[in-house]
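# Secondary and tertiary structure notes
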Amino acid sequence: MRRFNMQRREFLRHSAVATAAGLSVPGGPRLFAADKGPNASRLIAGKDPRLIVHNANPFEIETPLKLLRESNITPVDVLFVRNNQSLPSSATLQPPSDLAWNVELTGLVNQPASIAVEQLKQMDQVERELVLQCSGNGRAAFSQAAPAKGAPWQCGAMGNVIFKGVPLSAILGRLKLKVSRDAQFVTAEGRDTPSKPQDADFEHSIPLADALDRSLLALMLNGEPIPAVHGGPVRLVTPGYYATMNVKWLGRLRFEARETDNYHQVGRYRTPRTPIDPGSEFSYGLENSDANWRMRTKCVILSPLEGDIVRAGDCEVRGVAFNDGTAPLESVAVSCDGGAAWQKAELIQNKSLYGWSHFKTNVKLLPGKTRFAARAIDRLGRTQPLDGQIHWNPAGYAWSGVQFVNVTATN
Ligand SMILES: Nc1nc2c(c(=O)[nH]1)N[C@H]1C(S)=C(S)[C@@H](COP(=O)(O)O)O[C@H]1N2
Ligand SMILES: [Mo]
């Protein structure tokens with residue numbers, strides 16, 4: 001596997017040279033005049049300039065909640081972007097122009113195989129509405145207890161989108177591939193290469209059972225070919241999983257007995273299995289931590305927003321809730337006193353288990369300060385901790401604590 005990875009990197013380094021002139025490696029300060037700092041639309045052709053740029057290289061670009069709440073299906077021009085490293089020439093909402101893209105299927109299978117994007121396009125497609133959420137979403141909240149390493153994402157490293165593509169199980173059938181009983185995981189490799197050659201390639205393993213049940217090789221996002229920046233021409237999409245597991249620019253799937261020992265799978269993108277004290281160190285291993293796979297149940301208030309000044313009197317509190325799609329949501333409760341008393345909100349269930357559901361409720365606001373909170377619970381009883389810090393972890397993954405929103409009401 002190593003050997004192949006080296007070859008792949010060498011190959012891509014050549015193509016990177018060819019495209020370097022085309023702003024393929026974005027964000028270097030010298031690309032911009034001093035008065036024109038990086039904004040999302042300069043970094044990625046087609047993105048909305050109002051997005052929050054945490055990092056220009058690699059991209060860590062967040063959707064402000066003000067924009068997120070405007071649509072039920074998050075348009076691609078406002079959808080957040082997170083790259084650990086990028087594929088050359090992918091800084092655009094245009095689909096990639098590589099028409100000869102193949103995905104290899106190797107490892108514990110009767111014989112290695114490969115399928116072209118052109119073949120995938122001819123197969124029956126399924127559509128999945130789902131929440132795409134970075135496992136670092138909400139990280140900023142962890143830092144209230146102790147610094148968490150990484151971009152201080154607030155709540156907008158997520159969106160509700162529609163992916164369309166071919167189920168992995170159908171592809172195995174079409175290729176007549178038999179996966180060995182020893183295979184427990186499928187590892188997805190992206191074709192992007194690390195900016196420092198000595199760094200690890202980007203790949204992730206997910207449990208085979210969920211992959212066969214849920215995963216798609218997605219070709220379309222919100223009805224259009226997947227934009228290059230979001231992983232086109234083909235992306236592994238597993239509904240209900242954190243976005244990091246949705247490997248962009250999919251080059252290969254390996255069927256394996258164990259999770260890969262790749263740095264992105266073992267050294268990060270995991271949370272400790274049992275709580276640790278905020279601020280303490282943690283050495284990740286497969287035996288003491290869980291990969292950022294299925295998303296924790298949570299909700300996010302989209303109106304009002306933190307710091308809003310609103311009219312006293314009638315106020316509608318609304319937002320979105322979601323989980324890993326394993327069971328429907330049960331309810332969302334809203335508090336106007338920072339979490340002491342709760343009232344049940346109206347919950348409009350999404351037809352898709354993996355998409356977000358909207359909640360709303362009306363409250364009477366007295367003049368002065370109000371601290372709202374919202375908490376979702378699903379039919380498996382999985383809910384959000386009032387003190388989200390019990391899940392504190394050094395890199396601030398998988399925040400699912402109750403969110404508090406402070407507003408001021410005036411007459
Ligand atoms: N090949 C590849 N896939 C990747 C990444 C990456 O760096 N390379 N980043 C992951 C992470 S951490 C996230 S949060 C999502 C972001 O998806 P988006 O940029 O389409 O919003 O892509 C995931 N897939
Ligand atoms: Mo992420």
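Scroll up a little and you will see the structure.
The sections below set out a description of the structure shown in this document. (Residues numbered from 1 in each chain as written. Chains lettered and ligands numbered in written order. Predicted model: local features only at pLDDT ≥ 70, side-chain atom pairs only at ≥ 80, totals over all residues. Heavy atoms only, no water.)

## Some points on the pairing of strand β23 (residues 368-378)
We count it as follows: Strands are labelled as partners when DSSP assigns at least two bridges between them. Here a strand is any run of E in DSSP of at least two residues, a helix any run of H or I of at least four, and the numbering for each starts at the N terminus.
Across six bridges, the pairing between strand β19 (residues 329-335) and β23 is antiparallel. Pairing of valine 334 across the sheet is with alanine 374, part of β23. Inspection of the sheet shows β23 paired to strand β24 (residues 403-410) by seven bridges, in the antiparallel sense. In the sheet register, threonine 370 faces β24, and the bridge partner there is valine 407.

## Quick look at the site of ligand 1
Here is the rule we go by: One heavy atom within 4 Å of a molecule or strand makes the whole residue count as near it. Counting of polar contacts relies on pairs of N or O atoms within 3.5 Å, with two restrictions inside protein: one atom must be capable of donating a hydrogen and the other of accepting it, and residues adjacent in sequence are counted only when both atoms are side-chain atoms. Only the protein chains shown count as cover for residues, and the accessible areas themselves come from Shrake-Rupley with a 1.4 Å probe. Residues were grouped as follows: Ala, Val, Leu, Ile, Met, Phe, Trp, Tyr, Cys and Pro as nonpolar; Asp, Glu, Lys and Arg as charged; and all remaining residues, including Gly, as polar.
The environment of ligand 1 is formed by 20 residues, the closest being Asn84, Asp192, His230, Arg235 and Lys248. At 2.7 Å from an oxygen atom of ligand 1 is found a main-chain nitrogen or oxygen belonging to asparagine 84. Here ligand 1 loses 100% of its free accessible area of 530 Å² to cover by the protein chains. The residue inventory of the shell around ligand 1, partitioned by class, reads nine nonpolar, seven polar and four charged.

## Observations concerning the nonpolar core
So the rule is basically this: Put simply, buried Ala, Val, Leu, Ile, Met, Phe, Trp, Tyr and Cys residues joined by side-chain atoms within 4.5 Å make one nonpolar core. Here's how the labels work: a residue is buried when its accessible area is under 20% of the maximum for its type, exposed when over 50%, partly exposed in between, all with a 1.4 Å probe on protein chains only. All the domain ranges listed were derived from an automatic or database domain assignment. In this analysis, two residues are considered to be in contact whenever any of their non-hydrogen atoms come within 4.5 Å of each other.
The biggest cluster of nonpolar side chains holds 53 residues, and the ones touching the most others in it are Leu105, Leu120, Leu217, Val234, Leu253 and Phe255. Two domains share this core, each providing at least three of its residues, namely domain 1 (1-294) and domain 2 (298-410). When near neighbours in sequence (up to four residues on either side) are disregarded, leucine 105 contacts Pro112, Ala113, Ser114, Ile115, Leu168, Ile171, Leu172, Leu175, Leu177, Leu253 and Phe255. Listed in part, the 20 residues of the second largest apolar core include Val317, Ala321, Phe359 and Val405.

## Regarding the sheet that holds β24
Spatial ordering of the open sheet is given by β17-β24-β23-β19-β20, a layout of five strands whose pairing is mixed. Edge positions in the sheet fall to β17 (309-311) and β20 (343-344), since each of these pairs with one other strand and no more. Both β17 and β24 contribute to a ladder of three bridges, which runs parallel. Bridging across to β24, arginine 311 finds its partner in threonine 410.

## Regarding empty space enclosed by the protein
Going by this rule: Throughout, the protein atoms alone are placed on a 1 Å grid, and a set of points is a cavity if a 1.4 Å probe fits but cannot get out or a pocket if it is open with protein on both sides within 12 Å along at least five of seven lines; lining residues have an atom within 4 Å of a point. Grid points are joined across faces, edges and corners, and a volume is the space filled by probe spheres set on the points.
Counted according to the given criterion, the structure contains two cavities of 30 Å³ or more. Each pocket or cavity is described by its volume, and for the largest cavity that value is around 210 Å³. Lining the largest cavity are 19 residues, and of these Arg82, Arg235, Ala243, Asn246 and Lys248 lie nearest its centre. Partitioning the lining of the largest cavity into residue classes produces nine nonpolar, six polar and four charged.

## Some words on the environment of serine 303
Take serine 303: it is sitting in strand β16 (residues 298-303). For serine 303, a relative accessible area of 16% puts it in the buried group. Each C-alpha atom of the pair serine 303 and lysine 360 lies 9.2 Å from the other, and the pair is 57 residues apart in sequence.

## Side note on the packing of aromatic side chains
For the record, the criterion: Only Phe, Tyr and Trp rings are paired, with Trp represented by its six-membered ring, and only when their centres lie within 6.5 Å; those with planes under 30 degrees apart are stacked, over 60 edge-to-face, the remainder tilted.
Counting across every chain of the model gives five aromatic pairs. On the basis of an interplanar angle of 90° and a centroid distance of 5.0 Å, the ring pair of phenylalanine 142 and tryptophan 399 is categorised as edge-to-face. Taken as a pair, phenylalanine 142 in helix α5 (residues 139-142) and tryptophan 399 in the loop between β23 and β24 lie far apart in primary sequence, 257 residues in all. The buried category is assigned to tryptophan 399, whose relative accessible area is 11%.

## Here's the deal with the layout of surface pockets
If a probe the size of a water molecule is rolled over the atoms, the empty space left behind becomes visible. Considering only enclosed or pocket space, the second largest pocket measures out at about 610 Å³ in volume. Lining the second largest pocket are 28 residues; nearest its centre among them are Ala141, Gln144, Cys155, Gln403 and Phe404. Looking at the lining of the second largest pocket, the elements with two or more residues in it are α3 (65-68), α5 and β24. Counting residues per element, the lining of the second largest pocket draws most heavily on β24, which supplies four residues. Its residues assigned to classes, the lining of the second largest pocket comprises 14 nonpolar, nine polar and five charged. Two domains each provide a minimum of three residues to the lining of the second largest pocket, namely domain 1 (1-294) and domain 2 (298-410).

## Regarding the pairing of strand β22 (residues 357-365)
Residues Ser357, Phe359, Thr361, Val363 and Leu365 point to one face of β22 and are all buried, whereas His358, Lys360, Asn362 and Lys364, pointing to the other face, are not buried. Pairing between strand β18 (residues 313-322) and β22: nine bridges, direction antiparallel. The residue of β22 that forms the bridge with glycine 319 is phenylalanine 359. Relative to β22, strand β21 (residues 346-348) is paired through three bridges, and the arrangement is antiparallel. Across the sheet, isoleucine 348 pairs through a bridge with histidine 358, a residue of β22.

Honestly, it's all geometry; don't read function into it.
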